[in-house]
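# Examination of the molecular architecture
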Amino acid sequence: MEGGEAAAAIFGERAQALEPRALLAGRSPRAVDPAAVDLVFRPGALAAAERELLAGRSGLSLGIPPPADGGGGWQRLRGAREALASAAPRSLAARLLLATHDQATARPGPPRIMGVINATPDSFSDGGLALDPARAVARGLSLVAEGAELLDVGGESTRPGAEGVAADEERRRVLPVIEGLRARTAVPISIDTTKAAVARAALEAGADLVNDVSAGRFDPGILALVAERGCGIVLMHMQGRPRDMQRAPRYVHVVAEVLAHLRERVAACLQCGIALSKIVLDPGIGFGKRLEDNLALLRGIPELRSLGRPILLGVSRKSFLGRLSGEEKPAERLGDTAAAVAAGVLYGAEILRVHDARTMSRAVRVAAAIADEKEPPLPSPRN
Ligand code: HH2
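Below is a short write-up of the structure.

### Considerations on the nonpolar core
Of all hydrophobic cores here, the largest spans 74 residues; its most connected members are Ile117, Ile178 and Leu352. The element contributing the most residues to this core is helix 9 (residues 254–272), with eight residues. Setting aside chain neighbours within four positions, we find Leu352 in contact with Pro111, Arg112, Ile113, Met114, Leu313, Val341, Val345 and Val364. Core analysis: the second largest hydrophobic core is formed by 19 residues, Leu18, Leu54, Ala87 and Ala94 among them.

### Some remarks on the pattern of salt bridges
Under the counting rule described, the total for this entry stands at 21 salt bridges. Across the salt bridge formed by Arg182 and Asp208, the nearest N and O atoms sit 2.8 Å from each other. Highlighted residues: Arg182 in helix 6 (residues 167–184) and Asp208 in the loop between helix 7 (196–204) and strand 7 (209–212), separated in sequence by 26 residues. Judged by its relative accessible area of 35%, Asp208 is partly exposed. In this structure, Glu292 and Arg290 form a salt bridge, with 3.7 Å as the shortest nitrogen-oxygen distance. Exposure remark for Glu292: the relative accessible area of 46% places this residue in the partly exposed category.

### Here's the deal with the packing of aromatic side chains
Under the defined criterion, the tally for this structure stands at zero aromatic pairs. Its guanidinium or amino end placed over the ring of Phe218, Arg241 lies 3.9 Å from that ring's centre, counting from NZ or CZ.

### Brief notes about a nonpolar patch on the surface
There is a patch of nonpolar side chains on the surface, built from Leu346, Val366 and Ile370 and spanning about 270 Å² of accessible area. Residue placement: Leu346 occurs in helix 13 (residues 334–347).

### Structural notes on the sheet that holds strand 3 (residues 75–80)
Ordered in space as 1-3-2, the three strands form an open sheet in which the pairing is antiparallel. Unpaired on one side and paired on the other, strand 1 (36–41) and strand 2 (61–63) mark the two borders of the sheet. Each adjacent strand pair in this sheet contributes to an overall mean axis angle of 10 degrees, direction not counted. Bridge count between strand 1 and strand 3: six bridges; the pairing is antiparallel. Bridging from a neighbouring strand, Asp38 pairs with Arg78 of strand 3. Sitting on the sheet, helix 4 (residues 92–105) touches strand 1 and strand 3, and the angle it makes with strand 1 is about 115 degrees.

### Observations regarding the pairing of strand 9 (residues 279–282)
Of the two faces of strand 9, the one carrying Ile279 and Leu281 and the one carrying Val280 and Asp282 are both buried. Strand direction decides the pairing type here: strand 8 (residues 232–236) and strand 9, joined by four bridges, are parallel. In the strand pairing of strand 9, Met236 is matched with Asp282. After leaving strand 8, the chain enters helix 9 and then returns to the sheet as strand 9, a path that is right-handed.

Calculation criteria
- Residues numbered from 1 in each chain as written.
- Predicted model: local features only at pLDDT ≥ 70, side-chain atom pairs only at ≥ 80, totals over all residues.
- Heavy atoms only, no water.
- Core = buried A, V, L, I, M, F, W, Y, C linked by side-chain atoms within 4.5 Å.
- Buried < 20%, exposed > 50% of the residue type's maximum accessible area, 1.4 Å probe, protein only.
- Helix = DSSP H or I, 4+ residues; strand = E, 2+ residues; numbered from the N terminus.
- Contact = heavy atoms within 4.5 Å.
- Salt bridge = Lys/Arg side-chain N within 4 Å of Asp/Glu carboxyl O.
- Phe/Tyr/Trp six-rings, centres within 6.5 Å; stacked < 30°, edge-to-face > 60°.
- Lys NZ or Arg CZ within 6 Å of the ring centre and 35° of its normal.
- Patch = residues over 30% accessible without salt bridge, like charges linked within 9 Å, V, L, I, M, F, W, Y side chains within 5 Å.
- Areas by Shrake-Rupley, 256 points an atom, 1.4 Å probe, with all protein chains shown as cover.
- Pairing = 2+ DSSP bridges.
- Axes fitted to C-alpha atoms, helices over the stretch in contact; angles between N-to-C directions.
- Right-handed = clockwise from strand over helix to strand, strands pointing away.

Here it is in structure tokens:
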């Protein structure tokens, strides 16, 4: 399938009804057989002729999954990828399902560390530490020395309950940091902002991509800017706004809802003229999520990968880790963060946004080696 047709199929009108559910049953894409299809979707999504076509293909079984898999209301397609591919020329649904399967089972690229620089007085774990530009630049350079391959510079805290800051103040905080870093490192720099005016100034000062936790919803001008500059963009899911997002987050099925939201935001980007290849997706851990939502989203990364874009994961020091471990001080949540980062890598996340690059790059290296299916040679009996 052509890239353009895959994008049209995945982001087109029928995509919602054919949304994959329980894809790969929460298993790591690194541990599944890409030749074996196993997809669950809404039953109404297939026209009778398509149902017949798929059910009639040798080796493809079309049934209702058992309740544990979300049965009753969902349909499950299993069989060889080859059989689905042979139905694809005659059915749009088969093409969509094939694209979904291929995207989700493609091996993720090597995981990379994104180091966080908060030029803010009030960030939840390190507010005030990098308010002075010289200290922020020094912090960025040490993150790079410790293994960060990207840097994310922000001038507005998005912690729960945070009130926004004006664009002028945000620019004043981030521009000297971006200029200072640009003069000293070639590592890609992202600007963590929801405002087009701040993003524009940051890109002019040397930033390479935009990290928008509102995915272009708070200031739609940001999408036009990204299209104009041809730069990359991170689209993150958030329910509500930072000031109220943790008051009463609610989902019926969090993974399906986040997937549908990200699908809609990708479609908005494509409509603005942003190339699909420039987009990175992020489930927004801690942004309008309960503990169980954050955990389900970590396990749901394989489903989110069905949109065919790399997944960025921001678990670092967040409060859901403290809920699990009992550690109240965010800066002390190093082991907690390493465990969540490792799980993210195993589920297929490709960019890990962290505050502690040294420890997390080690966690990433170990997790990536475990995820790599190549078996190490058995030790010889004499060793
Ligand atoms: N988390 C924070 C900020 N920006 N961007 C993306 N894409 N994903 C995230 O998970 C994410 C993010 C919150 O962390 P931090 O920047 O350390 O805190 P604060 O918002 O208080 O400055």
